[in-house]
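These are the residues of each chain, in order.
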Amino acid sequence: MAAITLTVNNKQFKIDVDPQMPLLWAIRDFVGLKGTKFGCGMAQCGACTVLMDGNPIRSCSTQVSVAANKKISTIEGLSENVEHPVQQAWIELQVPQCGYCQSGQIMTTVALLKKNPDPTDEQIDSALQGNLCRCGTYPRIRKAVHRAAELMKSKPF
Amino acid sequence: MRTTVSRRRFLQLSSLTGAGFIIGLGGAEGKVVNQLVNLSNLANPIGVTPFVLIDPQGAITIYNTKPEIGQGTFQSIPSLIAEELDLTLDQITIRQSGGEKELGADQFAGGSASIRTSYTKYRKVGAAAREMLVTAASQTWAVPVAECSTENGKVHHKASNRSATYQELAEAAGKLEVPKDPKLKDPAQFKLLGKAVKRPDVPLKSNGKAVFGIDVEVPGMLFSSIERCPVFGGKLLSFDAAAAKKVKGVQQVITCERLIGKYRFEGVAVLADNYWAAVQGRKALQIKWDYQGNENFSLKAYEQQLRELAKKDGVVDHAKGDFENAWSDAPIQLEAFYETPMVSHSPIEPMNCLAHWKEGGQLEIWTSTQVPFSIKNSFAKEYGLKPENIKVHVQFNGGGFGRRLYPDYVHEAVQLARKAGKPVKSIWTREDDTQQGPFRPMTFSAFKGALDANNKPIAFQHKVISPSISASSNANYDKTKSDGGMTEGISEQAYEIPNMKNLYVHADMHVPLAAWRAVTSTTLAFSHESFIDEMAVKAGVDPMSFRLSMLDGKQSDTKRLLQKLKQISNWDKPLPAGWGRGVAQWEFFAGLGGNVVEVSKKGEGIKIEKVYAVIDLGTVVNPDTVEAQVEGAVVMAITAAIKGGIQIEKGRTVQSNYHNNQILRMPEVPPIEVHILAEGGEKIKGVGEPGLPPLAPALCNAIFAATGKRIRRLPFDINKI
């Protein structure tokens, strides 16, 4: 066990955990934020995607100790009232079905659009190919990423 | 659908504090329940939980009775009631029901049944409530009912410029008789039904706030991870928990039984303060299993048995005309054999459940499930409780696809919580989910098709050889009879072929089997509609024309569907060199869908260029949801056609996680164009499943058109054709 300080959505959390515990379970069970999901435990599905210093990572396969002293962003930190342009695009295009993978899809998209404000279909496919959706919302995700890019031009976030 | 109007009755109760108006059309008996209740008790209603609930001081609540698994019932079901009450969704609170007796046995999500079986029933619930509120207003104001109207949660009397909110009228309305035959709204006036209304769960699913089963916590709960026998059908001999208990955070190591269908599988559970500790503890377990000889089971060998069984006659599923003579006399005969794999459901939210045994024999369950009513009643029997002492909190389901029709994972948590004396949250790993089943079974199909001298289909036979989902669920399964679940749809197609004899050959299986989105239609449509294509090719007739020629006799939904597909896909327009297009349709209990797929030869493989999809519904509640469901069905069907499937060797599932049990990823998804046929009326077909079955045959028929290669076995490698 080790005392670790996590910075999640600009707030600090002191937790006492096995340093090898995946960041995912530290976020869910110790920080108490449930929006980040468990899907596979081996970086195959992307449901656990969070941003670490702005880069999308698979929290299920990242040890919590690695995340100490880094800035972690989760779905809960995006906005107060679902007003982030990516969230707005998701609502406009009614992307989620069951919704379970969408936190990961959205966080990956947020990171993509930071680096590439106007991605092509191919660039979207490439950025999101690690995020599985069993409901098959992919066609809408692709459209929503374009729409979010458009929204962000008029309303940088 | 059963009409329940004549069996309505009232139930009125008074209360000490506060009065509300509740109306429900419910119960297994189909009774209308209308009562005044103490609203302070609503969190724990006394044996009644109604569909509509009006708090005189507050909100209007409408219950969704169909678990939300991504199919949109959280919006569509309450909308049926709200529409008739002239309410919009932002004026109501939607709550999920949990299998309460008063709300009926149809509290489940499955069979694409939600809208097609509830459309009129729930509209009548809303219409009855509206009439009562209007009557209450007219009596209060002493004006004719006909002069009153409803809008925005109020009853208006325009002539005297008076209005009253539903909340103000609730108490008076609650004392009235429920109208026996409430007048339904003219569809031309609909504001919600038939419109692309935004789903209220979407914002919650875009900010992490939607609570899935895996997200629920109660104070003092333990997390659990369960080791089950890696070989199907093995038995627990002994276990050593010493090392597991040394893992920090591990509290208990106990056994539980997984009840699935006719099977009971024992497992060893590690209970800990947090999930990660439970998983670590589980890895440290030393367990001895008795594999009971099942360690020699090989699915490859089993498939060979199915091929052998195909030589048997089987039992008759459906017969018309004189197949034998028509077949033997026919100038042109065709035979083919088709094979499909077992597949997993693999929803991204793994199976999980939180259970809490409370004092006084009360059991509380929080879970993602498709079947709350069934859980309440079957668990009552299994654990010696009254159904009303079991409370099921149905959470948003992180995917269902049929997997969550089976509450095996709920049993485990319930048993662990009872043994541990604490609330227990059980979470399966992805490996558990991939390897333990239940799986959709494979079907093998032997076909005979004959053409007459004019190349018209004259005789047809589809013989299905497969294990059975029903046999997996039911210990008293009768092997000597045909099995409608395993011959689903093969005798329901609208094609007019004068002589037909469809057969079923049963094969035993010890691995738990399950329904899967569109069930057996997902495999049988592939073989059936591919073979129809083979007959068309043999006849030298365009596959679309060949199908339409078998639908000449009368207008049918299938004919209209194919005509629509032909039109939207520009079927007769030539494609570029190296391209091909294929068509398929499928009608079964859940509904009717069809695809035209366009493919092109690309290097060693095939690229899916475009998917046209048509779904025939009759009446549509939310066209945007329907479009999303069909898009999703197409994606799931492509996965089932071209990805690996489940293999079992040495008694164990070979695949373990998404790396070797793959599902389609974004770059692999073709453009999908969805069209809805909805010409109105009460004959409504399902939404969630019918988009799936026609994809695989349409794709394979397109590949044949492009390459001349006939695919008779799924899955196939699309990169090597």
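Residues numbered from 1 in each chain as written. Chains lettered and ligands numbered in written order. Predicted model: local features only at pLDDT ≥ 70, side-chain atom pairs only at ≥ 80, totals over all residues.

Visitor: Even after reading the chapter, I still don't get the overall build of chain A, so can you show me in this structure?
Guide: Looking only at helices and strands, chain A has 6 helices and 5 strands in total. The helix and strand sequence of chain A, counted from the amino end, reads β-β-α-β-β-α-β-α-α-α-α. Over its C-alpha trace chain A gives a radius of gyration of 15 Å, about what one expects of a compact globule, namely 15 Å for 157 residues. The buried share among the 157 residues of chain A stands at 61%. Restricting to contacts in chain A with at least 6 residues of sequence separation, those with at least 24 account for 59%. (Helix = DSSP H or I, 4+ residues; strand = E, 2+ residues; numbered from the N terminus. Rg over C-alpha atoms; globule rule 2.2 N^0.38 Å. Buried ≥ 20, exposed ≤ 12 C-beta atoms within 10 Å, placed from the backbone. Contact = placed C-beta atoms within 7 Å.)

Visitor: Would you explain the overall build of chain B in this entry?
Guide: Of regular secondary structure, chain B possesses 17 helices and 28 strands. The C-alpha atoms of chain B give a radius of gyration of 28 Å, which matches the 27 Å a tight globule of 721 residues would have. Summarising its shape, the C-alpha atoms of chain B cover approximately 80 × 75 × 45 Å along the three principal directions. Relative to its full complement of 721 residues, chain B shows a buried share of 55%. For chain B, the proportion of contacts with a sequence separation of at least 24, taken over those separated by at least 6, is 76%.

Visitor: Before we go on, may I ask you to explain the interface of chain A and chain B in this structure?
Guide: Accessible area lost when the parts come together is the quantity often used to give the size of an interface. At the interface, 46 residues of chain A touch 46 residues of chain B. For the side of chain A that touches chain B, the secondary structure elements donating two or more residues are α1 (23-31), α3 (85-92), α4 (102-115), α5 (121-128) and α6 (138-154) of chain A. Ranked by residues supplied to the side of chain A that touches chain B, first place goes to α6 of chain A with 5 residues. Classifying every residue of the side of chain A that touches chain B by side-chain character gives 25 nonpolar, 13 polar and 8 charged. (Nonpolar A, V, L, I, M, F, W, Y, C, P; charged D, E, K, R; others polar.)

Visitor: Help me understand the pairing of strand β21 (residues 457-466) of chain B in this model?
Guide: Consecutive side chains of a regular strand alternate in pointing toward one face of the sheet and then the other. Residue and element names in this part refer to chain B. Counting buried residues in β21 gives 10 out of 10 residues, a clear majority hidden from the surface. Here strand β20 (residues 444-451) runs beside β21; their pairing, made up of 8 bridges, is antiparallel. From the neighbouring strand, Leu-451 faces β21, where its bridge partner is Pro-457. What sits between β20 and β21 in their antiparallel hairpin is a turn of 5 residues, with Asn-455 showing a positive phi close to 65°. Alignment of β21 against strand β22 (residues 499-506), held across 6 bridges, turns out to be parallel. The partner of Phe-460 across the bridge, within β22, is Met-500. (Pairing = 2+ DSSP bridges.)

Visitor: Quick question: what am I supposed to make of the pairing of strand β16 (residues 352-358) of chain B here?
Guide: All names here are of chain B. Counting buried positions along β16 yields 6 of 7 residues, so the element is predominantly enclosed. Taken together, the 6 bridges between β16 and strand β17 (residues 362-367) define a ladder with antiparallel strand orientation. Counted as the bridge partner of Ala-355 is Ile-365 from β17. Once β16 ends, the chain turns through 3 residues before running back antiparallel as β17, passing Gly-360 with a positive phi of about 80°.

Visitor: Whenever I open this one, the sheet that holds strand β2 (residues 11-17) of chain A confuses me. Can you help?
Guide: Sheets are built from strands paired through backbone hydrogen bonds, the pairs being either parallel or antiparallel. All names here are of chain A. Spatial ordering of the open sheet is given by β2-β1-β5-β3-β4, a layout of 5 strands whose pairing is mixed. Each of the sheet's edge strands pairs with one partner strand only, and the pair in question is β2 and β4 (55-58). Adjacent strand axes in the sheet meet at a mean angle of 40°, parallel and antiparallel pairs treated alike. Pairing between strand β3 (residues 49-52) and β4: 4 bridges, direction antiparallel. What sits directly across from Thr-49, in β4, is Arg-58. Packed onto the sheet, α1 meets β1 (2-8), β2 and β3 and runs at close to 100° relative to β2. Lying over the sheet, α4 contacts β3 and β4, oriented at roughly 30° with respect to β3. (Axes fitted to C-alpha atoms, helices over the stretch in contact; angles between N-to-C directions.)

Visitor: I keep staring at the domain arrangement of chain A and nothing clicks. Help me out?
Guide: Residue and element names in this part refer to chain A. The domain boundaries assigned to chain A delineate domain 1 (2-77) and domain 2 (85-154). On a C-alpha basis, the centroid separation for the pair domain 1 and domain 2 is 21 Å. Residue-level contacts link 15 residues of domain 1 with 13 residues of domain 2. Counting only elements with at least two residues in the side of domain 1 that touches domain 2, the list comes to β3 and β4. For the side of domain 1 that touches domain 2, the element with the most residues is β3, which contributes 3 residues. Broken down by class, the residue content of the side of domain 1 that touches domain 2 amounts to 7 nonpolar, 7 polar and 1 charged. (Domains from an automatic or database assignment.)

Visitor: Help me out: how do you make sense of the sheet that holds strand β7 (residues 154-157) of chain B in this one?
Guide: Residue and element names in this part refer to chain B. In space, the 3 strands of this open sheet follow the order β6-β7-β8, with antiparallel pairing throughout. Only two strands of the sheet have a single partner each, and these edge strands are β6 (148-151) and β8 (162-165). With strand direction ignored, the average angle separating the axes of adjacent strands in the sheet is 25°. Summarising the sheet, β6 and β7 pair through 4 bridges and their orientation is antiparallel. When the sheet's bridge partners are listed, Ser-149 is paired in β7 with His-156. Set on the sheet, helix α3 (residues 166-174) makes contact with β7 and β8; between it and β8 the angle comes to about 80°.

Visitor: Just to check I follow, could you spell out the domain arrangement of chain B for this structure?
Guide: Residues and elements named next belong to chain B. Here chain B is described as being made up of domain 1 (5-192 + 200-204), domain 2 (213-293 + 354-435) and domain 3 (299-341 + 442-707). For domain 2 versus domain 3, the separation of C-alpha centres amounts to 37 Å. Contacts between the two partners involve 18 residues from domain 2, matched on the other side by 19 residues from domain 3. Residue contributions to the side of domain 2 that touches domain 3 peak at 4 residues, all from helix α11 (residues 430-435). Its residues assigned to classes, the side of domain 2 that touches domain 3 comprises 9 nonpolar, 5 polar and 4 charged.

Visitor: Please clarify how the packing of helix α16 (residues 623-642) of chain B against helix α17 (residues 695-707) of chain B should be interpreted in this entry.
Guide: Two quantities define a packed helix pair, namely the angle between the helix axes and the distance between the axes. Residues and elements named next belong to chain B. Between α16 and α17, the shortest axis-to-axis distance is 9 Å and the interhelical angle comes to 60°. Taken together, the axes of α16 and α17 are oblique relative to one another. With respect to the hand of their crossing, α16 and α17 are arranged in right-handed fashion. Contacts between α16 and α17 pair Val-634, Ala-637, Ile-638, Ala-640 and Ala-641 from the former with Leu-695, Ala-696 and Leu-699 from the latter. The class makeup of the residues in the contact of α16 with α17 is 8 nonpolar, no polar and no charged. (Parallel < 35°, antiparallel > 145°, perpendicular 65-115°, else oblique. Left-handed = near helix turned anticlockwise from the far one by under 90°.)

Visitor: Quick question: what am I supposed to make of the nonpolar core here?
Guide: Within soluble globular proteins, side chains that are nonpolar generally end up buried alongside one another. Counting residues in each nonpolar core, the largest one holds 256 residues, and the members touching the most others are Leu-133, Ile-365, Ala-413, Val-634, Ala-637 and Leu-699 of chain B. The element that contributes the greatest number of residues to this core is helix α2 (residues 114-141) of chain B, accounting for 12 residues. Discounting chain neighbours no more than four positions away, the residues touching Val-634 of chain B are Gly-136 of chain A together with Val-611, Ala-613, Ile-672, Gly-691 and Leu-695 of chain B. (Core = buried A, V, L, I, M, F, W, Y, C linked by C-beta atoms within 7 Å.)

Visitor: Would you take a moment to explain helix α1 (residues 73-84) of chain B for this structure?
Guide: Since the α-helix turns once every 3.6 residues, residues separated by three or four places project in the same direction. Residues and elements named next belong to chain B. In this model α1 runs 17 Å from its N-terminal to its C-terminal C-alpha over 12 residues, within 8% of the 16 Å that 1.5 Å per residue would give. Where burial is concerned, most of α1 is hidden: 12 out of the 12 residues are buried. Each element contacted by the buried residues of α1 is listed here: β3 (52-54), β4 (60-64), β5 (93-96), α2, α4 (201-204) and α16. (Expected span 1.5 Å × (residues − 1).)

Visitor: What am I meant to see in α4 of chain A here?
Guide: Residue and element names in this part refer to chain A. Compared with an ideal rise of 1.5 Å per residue, which puts 14 residues at 20 Å, α4 spans 20 Å between its outermost C-alpha atoms and is within 8% of the ideal. Burial of α4 is extensive: 12 of the 14 residues sit out of reach of the surface. For α4, the secondary structure elements touched by its buried residues are β3, β4, α3, α5 and α6.

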